[in-house]
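Notes for the structure review
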Amino acid sequence: MCRLHLGVAIVVTWAALTMAQVEDLTKQEGGKGPAVVEAVVRLIRQSCVFPNDHLLLRRFAFVETDDGLDPNTYRAGFNGGIWAVSETDFRNTQNDPRLSRFYEDITQRFGIDWNRLTWDQLRKPIYSGLATALYIAQKFNGQAIPVSKEEQAAWYQSNIHPQNLIAAYNYTKQSDRLESGTICGSSNIDLAFVVDTSSSLSPENFESAKTFASNVVDTFNIAPDSVQIAFMTFSSDVQLQFDFNDFSSKEAVKNAISRVQMKLGNTATDKALDFAASQLFTAADGVRPNSAKVAVLLTDGKADRHSSAVASAQRLKDLGVTIFVIGVGDVDRNELESLASNPVCTHVQQLTDYQDLDLILSDIRQMSCEAPVVVQEGHPQQFPCGTSSNFMISFSGPATVTVQPTQGFVNIYGSFFNPHPSPVSKQFATIANASQAAIIYVNQMSTLQPLYINVDTTGNDPAICHRGSSFTLTIQRGSKLQFGSVLTCVKNGMIGECSVLDILTSQYNVSQPSNLGIPNPCTPGHPGYFAYADSTSRVVSYNYFIYCSAEGILYLVECPYNSWYNNAFRQCVPGIPPTVTTISPIISHVTPPAFTLPPVTPGTYYNPCTAEQISRGNFFFPYPGDDSKYIQCTEWPNFAVVKDCAPYHKWEQRVLNCIYNMTVVDPTHDQYLTSPSPLDFNCTYGLQTGDLFYHPYPNDHTKYIQCDQFGNAFVKSCQSGRIWNQYLLTCIPSGVFSGSGVPVGK
């Protein structure tokens, strides 16, 4: 069967392609992989419950279980999850007076009563991560967590694997491997260093600051269409050393940093931040409208005018600049936090000495890569494909967000609570392609909180928008919904599929008259469009048409000035209406025309929602090439919606439903399932990922029992010459001995 590409082969009109209210795989049992781990670490870090662990929690997961990909992670009888927390260590994190403040914060931020959890709940990644964070906090008991990976490795060996003499070595090497494979999510960053050179700074410390900046530059690809660097210093006054226009290669930037000289004086932090807002982060100095904007403020002293510095920092943030503050020495942390972006726990670093700066290179790079592009209302902005780009959109009222690539398709994930939505943690997901834009309409929010979206153009799918192409993102005031697009609506804080009425209201004047003086053509279950005629003269009024909702509610729609309702297109079109005609007051039912898209490549188009299938009551079909999705037909022919099954479920056409992917669909069920009863095989209802799904078959070692989620048991046969091994949960060659020295199957 040919492969389909979402949003291209399946036609979607006014239904959102994929929609889920807060899908969070960090809370799914058996979750694993780098994306899940990074989402857990990000959620914990951004909650500000725990002190900065300097990537210890992230490295811990990779070293301990390869981010849960180690096959022993979710083995039967062990519930420690991705961070492999022992039952003893988990119990020790509960009801400990030293951790009482963490319990309160965990309840407030995560809605979890930690002291009532059971060990088996750590099979969910977020609980395993929180247990490890509590364990770390308990062990350090208020002392600073080591910044360097070497010191962390020594702690790891001493506290986690004291009997393993090479545990520290493994931690260091695995951490190096993890960080060498980490790719920056954003390719467009305008990053400025704002460096304090006041008289309290020694020449040696200033050289350390320059070396740190140079080493940060080393971690990025420096180019006009990638990461750009600017550098400014300040003491009593501000000195712009070079702006974003000046150097376009890594070598040139590093050479320029090495030539920067100190200029002693006071600590005019307010002047530095004000200069950055008014002059440096401007188009004249090379800032791009489609970039993530980052300022790294490095200081060792108290600002001369603190209140002015806070006001200047806010002006910089209002421009969409993310501010990281690094304080070295005895600096008031409250002052540092007052200047940094939120959450301050991830945007403030406090070090004892300038020599420690290089220890936070990974932190600064990671947080810079995650800095969102703050998008303003106005003209379309263009962004390169080939990366995963984060955006933050603030609202002052109803607004429409439109995303469309120039070629291929892009995946879009959105959330109002998670600054980094992804396939792992999101409130909704949708797809846009070169023929169909994705439109997100936000009607009103109770707190007008920002919308965070991630546009992901990474992956190996040949139809995805690839590097060298681009996508546009537009923010417009009010509702700009259009038929033929992939639509998502946020109304009164609820996320769902946009209705036909949402689109009509966006484009036209819509009213709900109590009496038109004509027979009401609207009946429940029969949505559609109708021409409108005056009740007395029966003359068609081309300035109006009638829309009937699926609930049978009648709406009168008025066309804009200088346009008329054209029944052939089922919408208002510009121009002069035709000659006046009369119609019967009994108005015939009209269905919208089929809307189709040409295939991207020959043979890829597929739409099972034909009039014949719908007339037979067939509304659900498998999605070719991906059993985690299915196709749902609407009441109109040729209109299809692609739906996602829940996590760990797949579509089963025989039952027209998504089923748990551990379920066994076995046509030989009735033929081979004989006595004893399935209950004797321990196949109980409600088995979950990680439970035991396999059991030995009584009195026949060449067979075994496989359970499904619903308590059904299925007899399976090993291949010829093999017998079942319950310890390994697989068939092995006959005659192989078990670990106990007893021949298997004897």
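Description of the structure in this document. Computed from a predicted model, the values in this text were never measured in an experiment.

Cut-offs and rules
Residues numbered from 1 in each chain as written. Predicted model: local features only at pLDDT ≥ 70, side-chain atom pairs only at ≥ 80, totals over all residues. Heavy atoms only, no water. 1 Å grid on protein atoms, 1.4 Å probe; cavity = no way out; pocket = protein on both sides within 12 Å on 5 of 7 lines; lining within 4 Å. Points joined across faces, edges and corners; volume = space filled by probe spheres on them. Helix = DSSP H or I, 4+ residues; strand = E, 2+ residues; numbered from the N terminus. Nonpolar A, V, L, I, M, F, W, Y, C, P; charged D, E, K, R; others polar. Disulfide = S-S within 2.5 Å. Buried < 20%, exposed > 50% of the residue type's maximum accessible area, 1.4 Å probe, protein only. Pairing = 2+ DSSP bridges. Axes fitted to C-alpha atoms, helices over the stretch in contact; angles between N-to-C directions. Contact = heavy atoms within 4.5 Å. Phe/Tyr/Trp six-rings, centres within 6.5 Å; stacked < 30°, edge-to-face > 60°. Lys NZ or Arg CZ within 6 Å of the ring centre and 35° of its normal. Patch = residues over 30% accessible without salt bridge, like charges linked within 9 Å, V, L, I, M, F, W, Y side chains within 5 Å. Areas by Shrake-Rupley, 256 points an atom, 1.4 Å probe, with all protein chains shown as cover. Salt bridge = Lys/Arg side-chain N within 4 Å of Asp/Glu carboxyl O. Parallel < 35°, antiparallel > 145°, perpendicular 65-115°, else oblique. Left-handed = near helix turned anticlockwise from the far one by under 90°. Core = buried A, V, L, I, M, F, W, Y, C linked by side-chain atoms within 4.5 Å.

Turning next to the layout of surface pockets. There is about 950 Å³ of room inside the second largest pocket. Surrounding the second largest pocket, 35 residues form its lining, Gln46, Asn342, Pro343, Pro419 and Tyr452 being those nearest its centre. Elements with a minimum of two residues in the lining of the second largest pocket: strand 1 (18–24), helix 1 (34–47), helix 4 (100–110), helix 11 (306–318), strand 6 (321–328), helix 13 (344–347) and helix 14 (361–370). Here the element with the most residues in the lining of the second largest pocket is helix 1; it accounts for 4 residues. Of the residues contributing to the lining of the second largest pocket, the split by class is 16 nonpolar, 12 polar and 7 charged.

Taken as a whole and assessed by the stated rule, the structure comprises 5 disulfides. The disulfide that involves Cys522 links it to Cys548, with 1.9 Å between the sulfurs. Note on the Cys522 and Cys548 pair: the S-S dihedral is about -75°, so by sign convention the disulfide is left-handed. You can see Cys522 sitting in the loop between strand 19 (509–511) and strand 20 (528–533) and its partner Cys548 sitting in strand 21 (residues 540–548), a full 26 residues away along the chain. Neither Cys522 nor Cys548 differs from the other in exposure class; each is buried. Across the disulfide, Cys559 is cross-linked to Cys572 (sulfur-sulfur distance 2.0 Å).

Time to look at empty space enclosed by the protein. Here the structure, examined in full by the defined rule, presents 3 cavities of 30 Å³ or more. Counted as a void, the largest cavity has a volume near 320 Å³. Together, 22 residues line the largest cavity, and Arg45, Pro51, Asn52, Asp53 and His54 are the ones closest to its centre. Taken together, the elements giving at least two residues each to the lining of the largest cavity come down to helix 1, helix 5 (125–140), helix 13 and helix 14. The biggest single contributor to the lining of the largest cavity is helix 14, with 4 residues.

As summarised here, the arrangement of the 6 strands in space is 9-16-11-14-17-18, forming an open sheet in which the pairing is mixed. Strands at the two margins of the open sheet, each flanked by one partner only, are strand 9 (381–384) and strand 18 (494–496). For this sheet the average axis-to-axis angle between neighbouring strands, irrespective of direction, equals 15°. Pairing of strand 11 (residues 399–405) with strand 16 (residues 470–477), which is carried by 7 bridges, proceeds in the antiparallel orientation. Pairing of Ala399 across the sheet is with Arg477, part of strand 16.

Its location among the elements puts Gln228 in strand 3 (residues 227–234). Beyond its immediate sequence surroundings of up to four residues, Gln228 is in contact with Ile189, Asp190, Leu191, Ala223, Phe244, Gly286 and Arg288.

Next up on the list: the packing of aromatic side chains. Remark: the centre distance and the inter-plane angle together describe each pair of aromatic rings, the angle taken between the planes. Taken as a whole and judged by the stated rule, the model has 27 aromatic pairs. Ring plane angle 25° and centroid distance 5.2 Å describe the contact between Phe140 and Trp155, whose orientation is recorded as stacked. Linking Phe140 in helix 5 with Trp155 in helix 6 (residues 149–159), this pair joins segments that are 15 residues apart in sequence. The residues Phe140 and Trp155 share a single accessibility class, namely buried. Considering the side-chain rings of Phe231 and Phe242, the 6.1 Å spacing of their centres and the 25° angle between planes classify their relative orientation as stacked. Of this pair, Phe231 sits in strand 3 while Phe242 is found in strand 4 (residues 238–242), placing the two residues 11 residues apart along the sequence. Judged by relative accessible area, Phe231 falls into the buried class, the value being 1%. Look at Phe242 and you get buried, because its relative accessible area is 2%. An aromatic cluster is defined as three or more aromatic residues linked by ring pairs; in this entry it consists of Tyr508, Tyr529, Phe545, Tyr547, Tyr555 and Tyr565. Its end group placed over the ring of Phe102, Arg101 keeps NZ or CZ at 4.1 Å from the ring centre. A cation sits over an aromatic face here: Arg365 above Phe220, 5.7 Å from the ring centre.

This paragraph deals with a nonpolar patch on the surface. Judged by side-chain polarity, Leu165, Ile166 and Tyr169 come together as a nonpolar surface patch covering roughly 380 Å² of accessible area. Of note, Ile166 is situated in the loop between helix 6 and helix 7 (167–180). You can call Ile166 partly exposed: its relative accessible area is 48%.

So, on to the packing of helix 4 against helix 5. Closest axis-to-axis distance for the helix 4/helix 5 pair is 12 Å, and the angle between their directions is 155°. Looking at the two axes, helix 4 sits roughly antiparallel to helix 5. Every pair of crossing elements has a handedness; the one defined by helix 4 and helix 5 is right-handed. Here Phe102, Ile106 and Phe110 of helix 4 come into contact with helix 5, specifically with Ile126, Leu130, Leu134 and Ala137. Looking at the contact of helix 4 with helix 5 residue by residue, the class counts come to 7 nonpolar, no polar and no charged.

Attention shifts here to the pattern of salt bridges. Counted under the stated rule, the structure contains 19 salt bridges. For Arg305, the salt bridge is made with Asp270, and the minimal N-O distance between the two is 2.9 Å. In this pair, Arg305 sits in the loop between strand 5 (292–299) and helix 11 while Asp270 sits in helix 10 (residues 269–280), placing the two residues 35 residues apart along the sequence. Classification of Arg305 as partly exposed rests on a relative accessible area of 36%. Several salt bridges share partner residues, and in doing so they unite Arg59, Lys149, Asp176 and Glu179 into one network.

Let us now look at helix 10. Three or more residues of helix 10 are buried, namely Thr269, Asp270, Ala272, Leu273, Phe275, Ala276, Ala277 and Leu280. Buried-residue contacts for helix 10 involve strand 2 (189–196), strand 3, strand 4, strand 5, helix 11 and helix 12 (333–339).

By size, the foremost hydrophobic cluster in this structure holds 65 residues, and its most contacted members are Phe193, Ile326 and Ile453. When residues in this core are grouped by element, the largest group, 6 residues, is from helix 8 (residues 203–218).

The subject of this paragraph is the sheet that holds strand 32 (residues 713–717). Judged by pairing direction, the sheet is antiparallel, and its 3 strands sit side by side in the order 30-31-32 without closing on themselves. Edge positions in the open sheet fall to strand 30 (694–696) and strand 32, since each of these has one partner strand only. The mean inter-strand angle of the sheet, taken between neighbouring strand axes irrespective of direction, is 30°.

What follows covers the packing of helix 10 against helix 11. It is at 8 Å that the axes of helix 10 and helix 11 come closest, and there the two elements cross at 20°. In terms of orientation, helix 10 and helix 11 fall into the roughly parallel class. Seen along the crossing, helix 10 lies across helix 11 with a hand that is left-handed. Residues Thr269, Asp270, Leu273, Asp274, Ala276 and Ala277 of helix 10 lie in contact with helix 11, whose contacting residues are Ser308, Ala309, Ser312, Ala313, Arg315 and Leu316. Considered class by class, the residues forming the contact of helix 10 with helix 11 number 6 nonpolar, 3 polar and 3 charged.

A large share of helix 14 lies buried, amounting to 8 of its 10 residues. Leu361, Asp363, Ile364, Arg365, Met367, Ser368, Cys369 and Glu370 are the residues of helix 14 that are buried.

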